[in-house]
Amino acid sequence: MKTKVDIVFVNGRIYTMVSEGDVVDALCVKDGKILYTGSKDIAMTTYESEKVVDLEGRTMLPGMGDSHLHFFAYCQTQTTVDLGDCKSKEEVIERLMKKADGTPKGQWIKATNFDETKWTGDNHRLPTKEDLNRISEDHPIFMKRVCLHTAIVNSLALEVAGIGNDYVYGPGGVVELSGDGEPNGVLREQATLIFDELIPDPAKIPEIKEKIMKSALAEASSCGLTTIHTFAADIWKYTEDFDDYLKLDRNQELPLRVVIYLDTLFDKPYLTLKQMQDPFRKVSYGGYKLFTDGSLGSRSAKLFSPYTDDPKTDGILVQTQNELNEKMLRAYQMGLQPAIHSIGDQSLDFVLNAIEFTLEKSRQEGMTKEEQATRDPFRIIHAQMATDEMVERMKKLPVVLDIQPIFLQTDMHWVGDRIGPERAAYSYRWNTYQKEGLILAAGTDSPVESISPWLNLHAAVARKDKSLLPHDGFQPEEKMSVYDALCMFTKNLHYATGQDSFLGTLEKGKFADLIVIDRDVFKIPVDEIRDITVEETYLAGRKVYKKKSGIVEREGKNESQ
Ligand SMILES: [Zn+2]
């Protein structure tokens, strides 16, 4: 007698990702989990199902993940003017003028994602309040840089916020002044926060919120994402609400798994093994997010020595070593996994000091080595600059590095000028990290970058910009293999949250999170990776997205087969 299953997939090129090149042609799903992978002959003689899917030679992979993004922030940007694709300052001004035309006087205009390094012409100087005053003097205008660490406002916005030449903004922020001692409209780090309080956020209105969340989730699912690790940044009002996702899940409207990281300490609910092993449980808490520095783009990443193109600054540390140590230790002792934003080389040194401190101090206070070994690894987000000595230090620590290969697309054009060739040479060394045995997971940091994992995968493998230059890739020795890069989106990502025994590879017993793509990622020319489209996405064996006859059609509900 044959065993009844829910679905049988046959005639596929099914890459299990258990090891490089491991490929089977059949896979069976029962109760949300994979029951069998192997040959079609055995599948057809051993199992039966009302649903047999002929993949007709198409490629199947484990569902893709994004190891670090700000999902609700991505939803929020849908309600602002997105300047991400603007190619000049003039284009920014034009777009915002159009917005001002249709906005009643006195109402806020909020724009996001501008990146002056992508502009032609005047691209080395940030705009100032004078530029924004040209748009309107009757609307307060606020625009945030793509890195989130810098904002520009017009004169009316400064006035509304009460920022004059004697404004006190507290530690960890900068209000830039022009020659006459007046604020010039450029604000950095903590100094941008007052505007998050002042500007009303339509994405917080429940009906609007639900609508934009559903649309963004459908988009993620159509790219093949089955898991996201989303990070709240309360300091920027980028909240994440567990209940929002839970509510969508209850209504069968959550097409992927969500792991939520908060930047405040919280009591993480204990999960039993049975709960962990339930493939239909989709929403869970991750750990505790900490910040050390800003970004290279806005020269706020903390470096050991000054920026090459601005010797007046070496970046900004948002907290002291002691503060970081104590916060991290406290989180670790509460059972939370620390996840720390770090971009500059000195910032990474701080983070490694803090991890070493946390491990040692908690041992002195009674935690055994064995207990520490059962804990999820420390996550270092970005880990963008690391000297050989730092690589050696990281190898001795239980860490996962959450990298953003797609940052290279733009950073490669200015990083040499910004930090000089010597330091650029020990930045973005993804293949070195990989070869040294460090575990990497990949994220887009969306809304900083597009949510598509394929653009990100291409960036890791090809290291080229949007025009596919340079031909051999930037720092070509750091290009990753397709397999190593894919591991960052699949099994490594789930290792980071201690879920790799349930997710990340296609093996018996694992959750049936699967995608079918339109070409074989291992066989196509590297530059075609960015053109990959997803044909079907399955979560726990249920189809959550299907592309039909070349027209992208999104299914709002988790239809069972
Ligand atoms: Zn981030």
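These numbers come from a predicted model, not from an experiment.

S.K.: Kindly report on empty space enclosed by the protein, identifying the contributing residues and their values.
M.R.: For the structure on display, the rule yields six cavities of 30 Å³ or more. Each pocket or cavity is described by its volume, and for the largest cavity that value is around 310 Å³. Taken together, 27 residues form the lining of the largest cavity, with Cys 147, Ser 295, Phe 407, Asp 445 and Val 448 sitting closest to its centre. Among the elements of the structure, strand E19 (283-291) and helix H14 (408-411) are those that each provide at least two residues to the lining of the largest cavity. Its residues assigned to classes, the lining of the largest cavity shows ten nonpolar, ten polar and seven charged. Looking at the lining of the largest cavity, you find at least three residues from each of domain 1 (66-71 + 204-496) and domain 2 (80-198). Computed from the structure, the second largest cavity encloses a volume of approximately 90 Å³. In terms of lining, the second largest cavity is formed by 13 residues, of which the most central are Arg 257, Arg 281, Ser 284, Gln 499 and Leu 503. Counting only elements with at least two residues in the lining of the second largest cavity, the list comes to strand E18 (257-262) and E19.

S.K.: Explain unusual backbone geometry residue by residue, including any values.
M.R.: Note that the residue after Ser 446, namely Pro 447, is joined by a cis bond; omega there is 15°. Note on placement: Pro 447 falls in the loop between strand E23 (439-442) and helix H17 (453-462). The omega angle of the peptide bond from Leu 469 to Pro 470 is -10°, so this bond is cis rather than trans. Relative to the helices and strands, Pro 470 resides in the loop between H17 and helix H18 (482-489). You will see that Glu 56, though not glycine, has its phi angle at about 50°, which is positive. Tracing the sequence through the fold places Glu 56 in the loop between strand E8 (52-54) and strand E9 (59-62). The phi dihedral of Ala 383 is positive, around 40°, even though this residue is not glycine.

S.K.: Which residues make up the coordination of the zinc ion, and what values go with them?
M.R.: In this structure, His 68 (NE2), His 70 (NE2) and Asp 445 (OD) serve as the protein donors to the zinc ion, at separations of 2.1 to 2.2 Å. Every donor residue of the zinc ion comes from the same chain, spaced as H-x1-H-x374-D. One end of the pair, His 68, is in strand E10 (residues 64-69); the other, Asp 445, is in the loop between E23 and H17, with 377 residues separating them in the sequence. As far as the burial class goes, His 68 and Asp 445 line up, both buried.

S.K.: Describe the sheet that holds strand E20 (residues 338-342), with residues and values.
M.R.: Ordered in space as E10-E17-E18-E19-E20-E21-E22-E23, the eight strands form an open sheet in which the pairing is parallel. At either end of the open sheet lies a strand with only one pairing partner, and these are E10 and E23. Strand-to-strand twist across the sheet, computed as the mean angle between neighbouring axes with direction ignored, equals 25°. Examined bridge by bridge, strand E22 (residues 399-403) and E23 share four bridges and lie parallel to one another. Paired with Val 400 across the two strands is Ile 439, which belongs to E23. Taken strand by strand, helix H10 (residues 321-333) contacts E19, E20 and strand E21 (378-382), and its axis lies near 160° from that of E19.

S.K.: Provide a residue-level description of the pattern of salt bridges, including the pertinent values.
M.R.: Using the criterion set out here, one finds 36 salt bridges in the structure. The closest approach of N and O atoms between Lys 209 and Asp 244, which form a salt bridge, is 2.7 Å. With Lys 209 in helix H7 (residues 206-222) and Asp 244 in helix H8 (residues 242-250), this pair connects stretches of sequence that are 35 residues apart. Given the relative accessible area of 15%, Lys 209 is considered buried. As a salt-bridge pair, Asp 518 and Arg 519 come within 3.0 Å of each other at their nearest N and O atoms. Given a relative accessible area of 27%, Asp 518 falls into the partly exposed group. Linked by salt bridges that have partners in common, Lys 89, Glu 90, Asp 131 and Arg 134 make up one network.

Parameters and conventions
- Residues numbered from 1 in each chain as written.
- Predicted model: local features only at pLDDT ≥ 70, side-chain atom pairs only at ≥ 80, totals over all residues.
- Heavy atoms only, no water.
- 1 Å grid on protein atoms, 1.4 Å probe; cavity = no way out; pocket = protein on both sides within 12 Å on 5 of 7 lines; lining within 4 Å.
- Points joined across faces, edges and corners; volume = space filled by probe spheres on them.
- Helix = DSSP H or I, 4+ residues; strand = E, 2+ residues; numbered from the N terminus.
- Nonpolar A, V, L, I, M, F, W, Y, C, P; charged D, E, K, R; others polar.
- Domains from an automatic or database assignment.
- Donors = N, O, S within 2.8 Å, 3.2 Å for Na, K, Ca; no water.
- Buried < 20%, exposed > 50% of the residue type's maximum accessible area, 1.4 Å probe, protein only.
- Pairing = 2+ DSSP bridges.
- Axes fitted to C-alpha atoms, helices over the stretch in contact; angles between N-to-C directions.
- Contact = heavy atoms within 4.5 Å.
- Salt bridge = Lys/Arg side-chain N within 4 Å of Asp/Glu carboxyl O.

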